[in-house]
Amino acid sequence: MTVKDLQGCVVFLDSGAGGLPYLNAYNTLNPDRMVLYIADKKNFPYGEKTKNELVTILIRLTERIQKFFSPALIVLACNTASVSALSELRQRFPATDFVGTVPAVKPALIYSVKKNIAVIGTERTLADDYITRIAEEAAGGGAITRIAAGELVDFVEYRLEYSGKAERITLVKKYTDEARKRGADALALGCTHFLFLLDEFREAAEPYIRVFDSINGVCGRIESVLSKKKPPSPITRRAGQPNPLLVTGGKALDAAEQWDLRAERFNLESFKPDGWDDR
Ligand code: DGL
């Protein structure tokens, strides 16, 4: 694969593996779309950065993505990046289409009988004005309680593949129990990494709490943006062709094996263009 082959592709971007379940869902619905997956491991975890740091990181990364791939669309498959930098990126790159990822707060609030929902995400996401704003907007319709779970991001990134189901349920149950203690009957997953633990969240939370994710919303939004674009439409891939995977900063030694497993599971092929500079 060369940079030339990827001109006009769709880019999915996260700090690590979090966007992969979104990529998977998207490609299941749209198997002919070529998607470049970028894991910005150089700057992982995003959840521990300040808003200003993330804006700087994501502007630089977008400049590089533009220069190398002229993408049809950039999907921020990361809640932390979306709430922190999406509006700045749209201002800075007015000719580029972006799709962000935010917690499915609205369907959770509509579902909630107690009108009390929990949002679980990184510290950065939960501290952002975006969440404060939607919590205020929702005030008439219900309460939003915030539960930070940065430890789950590290778990998914580094330990998931070596863990057993019982360990994963115990880990997740801490958070679903906390949501229940705070009176919530709906839980919105506000971090893309947590989609790797969706079954465990459901198992630990139900029947008292219903779990909501944003995968369908994001996939729908991507297609709606792409369908309105004039040609050139995004480049396509042959049936079964792997999507390219670009990991910034090189594969961290402690995670290299996990990236190999993920490449196999999600049908990805490592790719780093000549002249790409991770800074
Ligand atoms: N996957 C990212 C999100 O959706 C967070 C991971 C990180 O902290 O880097 O928020």
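Note that the structure is a prediction, hence the values are computed from the model and not measured.

1. Remarks on the overall build of the protein chain
No. 1: Each helix and strand counted, the protein chain has 11 helices and 10 strands in total.
No. 2: Against the 2.2 N^0.38 benchmark of 19 Å for 279 residues, the protein chain shows a C-alpha radius of gyration of 18 Å, consistent with a compact globule.
No. 3: In the protein chain, which comprises 279 residues, the proportion classed as buried is 56%.
No. 4: Just so you have it, the protein chain exposes about 12400 Å², and 50% of that area is on carbon and sulfur atoms.
No. 5: Here the protein chain contributes 38 positively and 36 negatively charged side chains, and the mean placements of these two sets differ by 4 Å.

2. A look at the sheet that holds strand E8 (residues 210-212)
What holds strands together in a sheet is hydrogen bonding between their backbones, with the strands either parallel or antiparallel.
No. 1: With parallel pairing, four strands are arranged side by side in an open sheet as E6-E5-E7-E8. The open sheet is flanked by strand E6 (143-148) and E8, the only strands paired with a single partner. With direction set aside, neighbouring strand axes in the sheet form an average angle of 25°.

3. Overview of the site of the ligand
No. 1: The local shell around the ligand holds 14 residues, among which Ser-15, Tyr-46, Gly-47, Thr-80 and His-193 are the closest.
No. 2: A distance of 2.9 Å separates a nitrogen atom of the ligand from a polar side-chain atom of Asp-14.
No. 3: A distance of 2.8 Å is found between a nitrogen atom of the ligand and a side-chain nitrogen or oxygen belonging to His-193.
No. 4: Protein chains shield 99% of the accessible area of the ligand, which is 300 Å² for the free molecule.
No. 5: Because more than half of its atoms lie within 2 Å of the grid, the ligand is assigned to the largest cavity.
No. 6: Partitioning the shell around the ligand into residue classes produces six nonpolar, seven polar and one charged.

4. What to know about empty space enclosed by the protein
No. 1: Inspection of every chain in the model, using the stated rule, returns one cavity of 30 Å³ or more.
No. 2: Surrounding the largest cavity, 13 residues form its lining, Ser-15, Thr-80, Thr-122, Cys-191 and His-193 being those nearest its centre.

5. Quick word on the environment of Leu-61
No. 1: In this fold, Leu-61 is placed in helix H2 (residues 51-69).
No. 2: On the accessibility criterion, Leu-61 (2% relative accessible area) is buried.
No. 3: Spatially, the C-alpha atom of Leu-61 lies 23 Å from that of Tyr-158, the residues being 97 residues apart in sequence.
No. 4: In contact with Leu-61, not counting residues within four places along its chain, are Leu-13, Asp-40, Tyr-46 and Trp-276.

6. Regarding the sheet that holds strand E1 (residues 10-14)
No. 1: The strand order across the open sheet built from six strands is E4-E3-E1-E2-E9-E10, with neighbouring strands paired in parallel fashion. The outermost strands of the open sheet, each flanked by one partner alone, are strand E4 (98-99) and strand E10 (268-270).
No. 2: Across two bridges, the pairing between strand E3 (residues 73-76) and E4 is parallel. Counted as the bridge partner of Ile-74 is Phe-98 from E4.
No. 3: Together, E1, strand E2 (35-39), E3, E4 and strand E9 (243-247) form the strand contacts of H2, whose direction differs from that of E1 by roughly 155°.

7. Observations regarding the packing of aromatic side chains
No. 1: Enumeration according to the criterion identifies 10 aromatic pairs in this entry.
No. 2: Aromatic pair Phe-68 and Phe-69: ring centres 6.1 Å apart, planes at 40°, arrangement tilted. Both residues of the pair, Phe-68 and Phe-69, belong to the buried class.
No. 3: With 6.4 Å between their ring centres and 55° between their planes, Phe-69 and Phe-271 make a pair best called tilted. Placement of Phe-69 in helix H2 and of Phe-271 in the segment after E10 is noted, with a sequence separation of 202 residues between them.
No. 4: Accessibility expressed as a relative area gives 0% for Phe-69, which makes it buried.
No. 5: Under the relative-accessibility criterion, Phe-271 is labelled buried at 11%.
No. 6: Note that Lys-41 overlies the ring of Phe-44, its terminal NZ or CZ placed 4.9 Å from the centroid.
No. 7: The residue whose ring lies beneath Arg-64 is Trp-276, and the NZ or CZ to ring-centre distance is 5.2 Å.

About the criteria used
- Residues numbered from 1 in each chain as written.
- Predicted model: local features only at pLDDT ≥ 70, side-chain atom pairs only at ≥ 80, totals over all residues.
- Heavy atoms only, no water.
- Helix = DSSP H or I, 4+ residues; strand = E, 2+ residues; numbered from the N terminus.
- Rg over C-alpha atoms; globule rule 2.2 N^0.38 Å.
- Buried < 20%, exposed > 50% of the residue type's maximum accessible area, 1.4 Å probe, protein only.
- Areas by Shrake-Rupley, 256 points an atom, 1.4 Å probe, with all protein chains shown as cover.
- Lys, Arg positive; Asp, Glu negative; His and termini not counted.
- Charge placed at Lys NZ, Arg CZ, Asp CG, Glu CD.
- Pairing = 2+ DSSP bridges.
- Axes fitted to C-alpha atoms, helices over the stretch in contact; angles between N-to-C directions.
- Near = heavy atom within 4 Å.
- Polar contact = N/O pair within 3.5 Å; in protein donor to acceptor, adjacent residues only side chain to side chain.
- 1 Å grid on protein atoms, 1.4 Å probe; cavity = no way out; pocket = protein on both sides within 12 Å on 5 of 7 lines; lining within 4 Å.
- Sits in = over half its atoms within 2 Å of the grid points.
- Nonpolar A, V, L, I, M, F, W, Y, C, P; charged D, E, K, R; others polar.
- Points joined across faces, edges and corners; volume = space filled by probe spheres on them.
- Contact = heavy atoms within 4.5 Å.
- Phe/Tyr/Trp six-rings, centres within 6.5 Å; stacked < 30°, edge-to-face > 60°.
- Lys NZ or Arg CZ within 6 Å of the ring centre and 35° of its normal.

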